[in-house]
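# Inside the fold
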Amino acid sequence: MFWVLLLLLAWAVAGTACTRLCLAAVHAAARDVNGAPAARRHDLTLYEAAFLSGGPRRVADLTLVSMARQRRLLLAHTGWATVVDPRGRDEMERSVIGAIGPEGQSRIAPVRDAAAAADAVGTLADRLVGAGLAVPDGPRRDISAAMRQVRFAALAVPVLGAATLLMPGRADMPGQLVALWFALPLILTLSCLAIARVEISPYARWASPAGQRLLHSLARGSRGSDDRTFLTAVAVRGVRAVGEPELRAAFAHRDPAHGTDRHRGDTTGIA
């Protein structure tokens, strides 16, 4: 009867994971309902749209692209950023300029990381959470961790079932019946994952359901070929929305293992 212990373990793994995911989703949904009235009265800025679409790094990307479009920053295709105008027009721009450093030139990758971790982005996140548009770090982390636990359970249950079927001395129970017993917790975990993909997935993103509705409205309302439309596309879709090959290369560039200063003086890029 040792196989019964493995079955109980499978049920414990599956039940614990699914319960944790359900509780995390309920807590996130309760916060969204409380913040929905404020969210309906909110007009998104480009920085807010960038955060809701891709988090702190998207805000840093938008700031870099915006400054490059205004010719106050050079973004070279070799992956370097060079300051042209050291006067930032808002806290985000001042964070980027500060991340580049006093020399006025730096690799883009560390600038993005430093700007994303700046206080200005943290203040922006707090404001969006307070308006009910962004999912707080706690609920988002809880849901992500719970989803990983359910996926682990969906893999662990078949492994336990296979181990039971291969176990010698199991003459008291037909193999088909054992497989059926283990199929039940597997169905539970797979069903939980399927439901989570539809009902819980929005709470694992940066934007709450209310924030996602505003993002959809912003995307539908932006038409044309002006800078505002261009920057809106960058805020919502990221750097992949940029059509300029050199600008995309600037963000996609990776430091080589050696000789990262080889192209330091090359400031040919997007201005």
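Relevant structure appears above.
Rules and cut-offs
- Residues numbered from 1 in each chain as written.
- Predicted model: local features only at pLDDT ≥ 70, side-chain atom pairs only at ≥ 80, totals over all residues.
- Heavy atoms only, no water.
- Axes fitted to C-alpha atoms, helices over the stretch in contact; angles between N-to-C directions.
- Helix = DSSP H or I, 4+ residues; strand = E, 2+ residues; numbered from the N terminus.
- Parallel < 35°, antiparallel > 145°, perpendicular 65-115°, else oblique.
- Left-handed = near helix turned anticlockwise from the far one by under 90°.
- Contact = heavy atoms within 4.5 Å.
- Nonpolar A, V, L, I, M, F, W, Y, C, P; charged D, E, K, R; others polar.
- Buried < 20%, exposed > 50% of the residue type's maximum accessible area, 1.4 Å probe, protein only.
- Pairing = 2+ DSSP bridges.
- Patch = residues over 30% accessible without salt bridge, like charges linked within 9 Å, V, L, I, M, F, W, Y side chains within 5 Å.
- Areas by Shrake-Rupley, 256 points an atom, 1.4 Å probe, with all protein chains shown as cover.
- Salt bridge = Lys/Arg side-chain N within 4 Å of Asp/Glu carboxyl O.

## Focus on the packing of helix 3 (residues 56-69) against helix 10 (residues 227-237)
Packing of helix 3 against helix 10 leaves a shortest axis separation of 9 Å and a crossing angle of 155 degrees. By the angle class used here, helix 3 and helix 10 are roughly antiparallel. Like other packed secondary-structure pairs, helix 3 and helix 10 cross with a definite hand, here right-handed. Across from Arg58, Leu62, Val65, Ser66 and Arg69 in helix 3, the residues of helix 10 making contact are Asp227, Phe230, Leu231, Val234, Ala235, Val236 and Arg237. The residue makeup of the contact of helix 3 with helix 10, split by class, is 7 nonpolar, 1 polar and 4 charged.

## Details of the pairing of strand 1 (residues 73-76)
Here strand 1 shows no split at all, with Leu73 and Leu75 on one side and Leu74 and Ala76 on the other all buried. Pairing geometry for strand 1 and strand 2 (residues 80-83), over 3 bridges, is antiparallel. Paired with Leu75 across the two strands is Ala81, which belongs to strand 2.

## Details of a nonpolar patch on the surface
Among the surface-exposed residues, Trp11, Leu177, Leu180, Trp181, Leu184, Ile187 and Leu188 lie close enough to one another that they form a single nonpolar patch of about 600 Å² accessible area. The greatest single-element share of the nonpolar patch, amounting to 6 residues, is contributed by helix 8 (residues 175-200). Position of Trp181 among the secondary structure elements: in helix 8.

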